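# Structural overview for review
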Number of protein chains: 2
Amino acid sequence: MKLTILGCYSATPRTDTNPTAQVLEINNHMFLIDCGEGTQVELRRNKIKFSRIKHIFISHLHGDHCFGLVGLISTFRLLTREADLHVYAPKGLKEVITLQMKLSESWTNYKLIFHELSSKSSEMIYEDDKVEVHTIPLDHRIYTNGFLFKEKLGERKLDMNAVLNADIDVAYYRKLKQGADVPDNNGYMVENATVTLDPKPPKSYAFCSDTAYNEAMIPVIQNVDVLYHESTFIEKNEALAAPTKHSTAKQAATIAKKANVKQLILGHYSTRYDDLSMFKTEAETIFPNVELARDGKTFEF
Amino acid sequence: MKLTILGCYSATPRTDTNPTAQVLEINNHMFLIDCGEGTQVELRRNKIKFSRIKHIFISHLHGDHCFGLVGLISTFRLLTREADLHVYAPKGLKEVITLQMKLSESWTNYKLIFHELSSKSSEMIYEDDKVEVHTIPLDHRIYTNGFLFKEKLGERKLDMNAVLNADIDVAYYRKLKQGADVPDNNGYMVENATVTLDPKPPKSYAFCSDTAYNEAMIPVIQNVDVLYHESTFIEKNEALAAPTKHSTAKQAATIAKKANVKQLILGHYSTRYDDLSMFKTEAETIFPNVELARDGKTFEF
């Protein structure tokens, strides 16, 4: 899994900072998460192939999370894209994009499929053989979802020495990988665990922005490998966090600790702070493994 | 008059080029003309104070001319702007912006006034003591206007030596500036032209993008000081210009010549060309005074 931060600042784009957008590479998918103004330029700057983006997840309809979407959709059209594009977003975005396309008397030459979200409970919104995506209901000023990306548990690996020693016919290898006990060439049953190894543990990533401190998300994100949790403010500005329904670095770390995640990435910084190290220092008083998102930074896990 | 080119490329934003937006400084106004994605960042990069922008003119509803508007409007709100903002744009843009604001459950704390354009004839859309703005109907794939910005003829200047010699009471100075003949202190009438000087000749700027070659605009832009005319293509790609309703550099120059303008600025280049000097060379075969727009370039006239 590889995460590329295209933008990790709140509010509006500036010459040196970008609003929220990130790309998660997971099992050959390139999932785009949020799409603030200028995202298409940041995708190019980070050399991410437009054609590999087939699924876009939009957390909520504040401009710093979605104003870049219509431009990206239009660019895909100009590049004569043919592959389907799926957009998972709160109800309403489809209407805006449709109206903008209508007014410019253009439409996509590829299939543009909106999956409109309105549930207030976590739901699975995408699934294939290897990956699932679930919504994480968040507590913000408007309807907002985070997104949980989970690899599925893969097949068991053959321990080839043990398999050959046990004299098992190749026709049974598929069943072995699926975890079944199988007979050897003499008809004796072989216990699966004696000839196979555990699969690679599946990885998971939770994106939670924007949100107030909200313990209701904990059961959904429990034990994830990496949690990106917004920290618009530091503790001394906590009085600003509550009315705007944002979080402080300390609150983000408290969620990380209570959800027992392995790593916390902070982001969605207010542009009032010049020195981001304060966010890390503050969060580390609560939770040990903290990283700071930065525009253009990548994380591999 | 000062023109700042924020973006002068067609199609979509790239890491090194911007879609259409420019700022015309004229008689203390800062008129923003078109507003492609990323315009707010380019305004900052070019150090143009957001608070000075009170009038925005949008030529048409293709994304490369308007997708940055909603972000700019939102940023004005975040900056707690109070001054009115006037947007002159084809009918439809108000509906989009209103929907986007509604979906984000926000509205401007300043007065946002849309002037919806739908006339196919040139009309005056703005006027004050010193400046007029008229639409220039263009021929593009969708409803499109260029904009003509004209200073009004100023007052006559007093030739102070002549005024004092003529022994005219100070109470008449105002009338002299307005061009009237006035009596001297002995009751004899003084001919205005003998004691005043012609005012500074008023300047004019015509913005024409996007458009096919269209002689119908010539009467409206006749004799302007500066014409910005799109040249998406050069002549060898003329076959692309006709169906997309764009112009070549040669066609832009032909309009400049027939309209007897003083200077031509080319822009709205297709991103297929690495070398822009071809545009200038081609246009100069028809019209002598040609400049190339470039992102970040300013013109004073």
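## Quick look at the domain arrangement of chain A
- If you check the domain split of chain A, you get domain 1 (2–154 + 200–300) and domain 2 (157–197).
- Once you take the C-alpha centre of each, domain 1 of chain A and domain 2 of chain A turn out to be 43 Å apart.

## A few points about the sheet that holds strand β15 (residues 226–230) of chain A
Residue and element names in this part refer to chain A.
- Across the sheet, which stays open at both edges, the seven strands sit in the order β7-β8-β9-β14-β15-β16-β17 with mixed pairing between neighbours. Unpaired on one side and paired on the other, β7 (124–127) and β17 (290–292) mark the two borders of the sheet. For this sheet the average axis-to-axis angle between neighbouring strands, irrespective of direction, equals 20°.
- As paired strands, β7 and strand β8 (residues 131–137) are joined by three bridges and run antiparallel to one another.

## Structural notes on the relation of the copies chain A and chain B
- In screw terms, the move from chain A to chain B is a rotation of 180° and a rise of 0.0 Å along the axis, fitting with an RMSD of 0.1 Å. Put plainly, the chains are arranged around a two-fold axis.

## Let's talk about helix α4 (residues 93–103) of chain B
- All of the buried residues in α4(B) are B:L93, B:V96, B:I97, B:Q100 and B:L103. Take α4(B) and look down its axis: the buried residues cluster within an arc of 130°, on one side only.
- Tucked inside the fold, the buried residues of α4(B) contact α4 (93–103) of chain A together with α2 (63–66), α3 (69–78), β5 (85–90) and β6 (112–117) of chain B.

## Side note on the nonpolar core
- Core analysis: the largest hydrophobic core is formed by 139 residues, its most contacted members being A:L227, A:L264, B:L227 and B:L264.
- Excluding its chain neighbours within four sequence positions, the residues that come into contact with A:L227 are A:A206, A:C208, A:I221, A:A256, A:A259, A:V261 and A:L264.

## Structural notes on the packing of α4(A) against α4(B)
- In the contact formed by α4(A) and α4(B), the axes pass within 10 Å of each other and the chain directions differ by 170°. Taken together, α4(A) and α4(B) sit at an angle that is classed as roughly antiparallel. In this structure, α4(A) uses A:E95, A:V96, A:L99, A:Q100 and A:L103 to contact α4(B), whose residues at the interface are B:E95, B:V96, B:L99, B:Q100 and B:L103.
- Residue classes in the contact of α4(A) with α4(B) are distributed as six nonpolar, two polar and two charged.

## Things to note about the environment of B:R174
- Looking at where B:R174 falls in the secondary structure, it is placed in helix α6 (residues 173–177).
- With 57 residues separating them along the chain, B:R174 and B:S231 place their C-alpha atoms 47 Å apart.

## With respect to the interface of chain A and chain B
- Of the residues lining the interface, 30 residues belong to chain A; the matching set on chain B comes to 30 residues.
- Contributions of two or more residues to the side of chain A that touches chain B are made by α1 (39–45), α3 (69–78) and α4 of chain A.
- In the side of chain A that touches chain B, the residues fall into eleven nonpolar, twelve polar and seven charged.

## Structural notes on the pairing of strand β6 (residues 112–117) of chain A
All names here are of chain A.
- Two strands pair when backbone bridges link them, and strand β5 (residues 85–90) and β6 are joined in this way by six bridges, in the parallel orientation. Across the sheet, residue Y88 finds its bridge partner in β6, namely H115.
- Crossover connection from β5 via α4 to parallel β6: handedness right-handed.

## Side note on the sheet that holds strand β2 (residues 21–26) of chain A
Residue and element names in this part refer to chain A.
- Strand order in the open sheet formed by seven strands is β6-β5-β4-β3-β2-β1-β18, with mixed pairing between adjacent strands. Bordering the open sheet on either side are β6 and β18 (298–300), each of which pairs with just one other strand. With strand direction ignored, the average angle separating the axes of adjacent strands in the sheet is 20°.

## Regarding the packing of helix α9 (residues 249–258) of chain B against helix α10 (residues 277–284) of chain B
Residues and elements named next belong to chain B.
- With their axes 8 Å apart at the nearest point, α9 and α10 run at an angle of 45° to one another. Taken together, the axis directions place α9 and α10 in an arrangement best described as oblique. Between α9 and α10 lies a crossing whose hand is right-handed. Side by side, α9 and α10 meet where A249, K250, A252 and A253 of the first sit next to F279, E282 and A283 of the second.

## A word on unusual backbone geometry
- Residue A:S209 is joined to A:D210 through a cis peptide bond whose omega torsion reads 0°.
- Considering the arrangement of structural elements, one finds A:D210 in the loop between β14 (204–208) and α7 (218–221).
- With phi around 55°, A:K245 is a residue other than glycine that occupies positive phi space.
- Here A:K245 shows up in the loop between α8 (238–244) and α9 (249–258).
- Assessed through the 18 C-beta atoms surrounding it within 10 Å, A:K245 is described here as partly exposed.
- The residue B:E105 is not glycine, and still its phi comes out positive at about 50°.
- By the secondary structure assignment, B:E105 is in the loop between α4 and β6.

## Section: the environment of A:S247
Residues and elements named next belong to chain A.
- Take S247: it is sitting in the loop between α8 and α9.
- According to the C-beta neighbour criterion, S247 is buried, with 30 such atoms within 10 Å.
- Sequence separation between S247 and T75 is 172 residues; the distance between their C-alpha atoms is 34 Å.

Definitions and limits used
Residues numbered from 1 in each chain as written. Chains lettered and ligands numbered in written order. Predicted model: local features only at pLDDT ≥ 70, side-chain atom pairs only at ≥ 80, totals over all residues. Domains from an automatic or database assignment. Pairing = 2+ DSSP bridges. Helix = DSSP H or I, 4+ residues; strand = E, 2+ residues; numbered from the N terminus. Axes fitted to C-alpha atoms, helices over the stretch in contact; angles between N-to-C directions. Least-squares fit on C-alpha atoms with pLDDT ≥ 70 in both. Buried ≥ 20, exposed ≤ 12 C-beta atoms within 10 Å, placed from the backbone. Arc of directions from axis to C-beta. Contact = placed C-beta atoms within 7 Å. Core = buried A, V, L, I, M, F, W, Y, C linked by C-beta atoms within 7 Å. Parallel < 35°, antiparallel > 145°, perpendicular 65-115°, else oblique. Nonpolar A, V, L, I, M, F, W, Y, C, P; charged D, E, K, R; others polar. Right-handed = clockwise from strand over helix to strand, strands pointing away. Left-handed = near helix turned anticlockwise from the far one by under 90°.

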